[in-house]
Amino acid sequence: LRDGLRNISIETYNFHVNNEKNDFANWVRDVIKDEKLANDLRKAKNNEDAAKKVEKRIRDLEKKIYK
């Protein structure tokens, strides 16, 4: 997801994320079952910001695993 968000066009991102929907946040909530990341994705300003939020979540989860 992180890499995909970095590589999609802003037009594609805006098709999936707009005032009416947020396909990425919904997918993360419904399929991955990660409510925190879903909420963070809802706050993303653009695809690069969304990718950064995914990257941060990955790092946070890795820290918990490798403690």
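No experiment lies behind these values; they were computed from the predicted model shown.

The rules we used
Residues numbered from 1 in each chain as written. Predicted model: local features only at pLDDT ≥ 70, side-chain atom pairs only at ≥ 80, totals over all residues. Heavy atoms only, no water. Axes fitted to C-alpha atoms, helices over the stretch in contact; angles between N-to-C directions. Helix = DSSP H or I, 4+ residues; strand = E, 2+ residues; numbered from the N terminus. Parallel < 35°, antiparallel > 145°, perpendicular 65-115°, else oblique. Contact = heavy atoms within 4.5 Å. Nonpolar A, V, L, I, M, F, W, Y, C, P; charged D, E, K, R; others polar. Phe/Tyr/Trp six-rings, centres within 6.5 Å; stacked < 30°, edge-to-face > 60°. Buried < 20%, exposed > 50% of the residue type's maximum accessible area, 1.4 Å probe, protein only. Lys NZ or Arg CZ within 6 Å of the ring centre and 35° of its normal. Core = buried A, V, L, I, M, F, W, Y, C linked by side-chain atoms within 4.5 Å. Polar contact = N/O pair within 3.5 Å; in protein donor to acceptor, adjacent residues only side chain to side chain.

A.B. asks: Looking at this structure, I do not really get the packing of helix α3 (residues 23-32) against helix α4 (residues 35-42). What am I missing?
C.D. replies: For any two helices packed against each other, one specifies the inter-axial angle together with the distance between the axes. In contact at an axis separation of 8 Å, α3 and α4 are set at 175° when each is read in the N-to-C sense. On the basis of the axis angle, α3 is roughly antiparallel to α4. Contacts between α3 and α4 involve F24, A25, N26, V28 and R29 from the former and E35, L37, A38, L41 and R42 from the latter. Taken together, the residues that form the contact of α3 with α4 break down as six nonpolar, one polar and three charged.

A.B. asks: Teacher, can you tell me more about the packing of aromatic side chains here?
C.D. replies: Here a ring pair, both rings aromatic, is described through the centre-centre distance and the interplanar angle of the planes. This structure, assessed with the given rule, holds one aromatic pair. An angle of 10° between the planes, with centres 5.9 Å apart, marks the rings of Y13 and F24 as stacked. On the criterion of sequence distance, the pair formed by Y13 in helix α2 (residues 10-16) and F24 in helix α3 is long-range, its members being eleven residues apart. Neither Y13 nor F24 differs from the other in exposure class; each is buried. For K21, the ring lying beneath its charged end belongs to F15, and the centroid distance is 4.3 Å.

A.B. asks: In this structure, what is going on with the nonpolar core? I would like to understand it.
C.D. replies: L5, Y13, F24, L41 and A50 are the most contacted members of the largest nonpolar core, which has 13 residues in total. Mapped by element, the contributors of at least two residues to this core are α3, α4 and α5 (47-65). Residues contacting L41, with those up to four places away along its chain left out, are L1, N22, F24, A25, V28, A50, K53 and V54.

A.B. asks: I would appreciate a short explanation of the side chain of N22 in the present structure.
C.D. replies: Within the element layout of this structure, N22 appears in the loop between α2 and α3. Engagement of the side chain of N22 in a polar contact is seen with the backbone nitrogen of A25, the distance being 2.9 Å. Those residues in contact with N22, other than ones at most four positions away along the chain, are H16, V17, L41 and R42.

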